[in-house]
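# Notes for the structure review
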Amino acid sequence: MNLAVTILIAFASLFSSTEPTTMPTPDQKSYTDCVVKYRSNWGEDCSQCAAWNDSYVVYLKNTCTESIDVMICVQESNKTWKMFNHKSMAPNDSLRAYACVGTGKYLAWGRRAGDESVVFPSIEQVNKDYAE
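Residues numbered from 1 in each chain as written. Predicted model: local features only at pLDDT ≥ 70, side-chain atom pairs only at ≥ 80, totals over all residues. Heavy atoms only, no water.

### Describing the overall build of the protein chain
- Counting secondary structure elements, the protein chain contains 2 helices and 6 strands.
- Secondary structure of the protein chain in N-to-C order comes out as α-β-β-β-β-β-β-α.
- Taking all 132 residues of the protein chain together, the buried fraction comes to 32%.
- Split by element, the accessible area of the protein chain, about 8200 Å² in all, is 55% carbon and sulfur. (Helix = DSSP H or I, 4+ residues; strand = E, 2+ residues; numbered from the N terminus. Buried < 20%, exposed > 50% of the residue type's maximum accessible area, 1.4 Å probe, protein only. Areas by Shrake-Rupley, 256 points an atom, 1.4 Å probe, with all protein chains shown as cover.)

Here it is as structure tokens:
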């Protein structure tokens, strides 16, 4: 086998992996688009926080017509992210996510409910990829 054929086979195998993916293919719907912010507040009472004067709370809604699994991350002032996972969020349902001392930034991921072939990033990956 010549070198060009070997390289071509190796390159093709990169795209035929059966590993889960975090990105939808062009013919798949992006369920992340279903997760829509409809409100946020600073300094909202947050019983999970020692002090909440600088809390940032974001409210998001599933705007699609089917249930989705959702992962939300809200950034703390030290630039780390607090993660929230919600399984089988029904259409029109909403969720609340917060940072005790927030920056006002949040990230959202969505997938069809129960679709384990789409893997959300780990909190370590989020902290690495979105450090700023």
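### Some thoughts on the sheet that holds strand β6 (residues 102-112)
- The sheet built from 3 strands is open, its strands ordered β4-β3-β6 with antiparallel pairing. Where the open sheet ends on each side, the last strands, each with one partner, are β4 (81-89) and β6. Neighbour-to-neighbour, the strand axes of the sheet open up by a mean angle of 15 degrees, direction not taken into account.
- Pairing geometry for strand β3 (residues 68-76) and β4, over 7 bridges, is antiparallel. In the sheet register, Val-70 faces β4, and the bridge partner there is His-86. (Pairing = 2+ DSSP bridges. Axes fitted to C-alpha atoms, helices over the stretch in contact; angles between N-to-C directions.)

### A few points about the packing of aromatic side chains
- Inspection of the entire model under this criterion finds 5 aromatic pairs.
- Seen from their ring centres, Trp-42 and Tyr-56 are 4.8 Å apart, and the 50 degrees between their planes marks the pair as tilted. Residue Trp-42 is located in strand β1 (residues 35-42), and its partner Tyr-56 is located in strand β2 (residues 56-62); the two are separated by 14 residues in the primary sequence.
- According to the relative accessible area criterion, Trp-42 is exposed, its value standing at 53%.
- Seen in terms of ring centroids, Trp-109 and Tyr-130 are 6.3 Å apart; in terms of plane orientation they differ by 70 degrees. Their pairing is edge-to-face. (Phe/Tyr/Trp six-rings, centres within 6.5 Å; stacked < 30°, edge-to-face > 60°.)

### Comments concerning the nonpolar core
- Residues Val-35, Ile-68, Val-70, Ile-72, Val-74 and Tyr-98 are the most contacted members of the largest nonpolar core, which totals 23 residues.
- Ranked by the residues each element gives to this core, the list is headed by β2, at 5 residues.
- The residues contacting Val-35, other than those within four sequence positions of it, are Leu-60, Lys-61, Ile-68, Val-70, Ile-72, Ala-108 and Trp-109. (Core = buried A, V, L, I, M, F, W, Y, C linked by side-chain atoms within 4.5 Å. Contact = heavy atoms within 4.5 Å.)

### Some points on the sheet that holds β2
- Spatially, β1-β2-β5 is the arrangement adopted by the 3 strands of the open sheet, whose pairing is antiparallel. Looking along the sheet, the strands with just one partner apiece sit at the ends: β1 and β5 (94-99). Direction aside, neighbouring strands of the sheet carry axes that sit 25 degrees apart on average.
- Relative to β5, β2 runs antiparallel, the two being bridged by 6 bridges.

Keep in mind that these numbers describe shape and distance, not what the molecule does.
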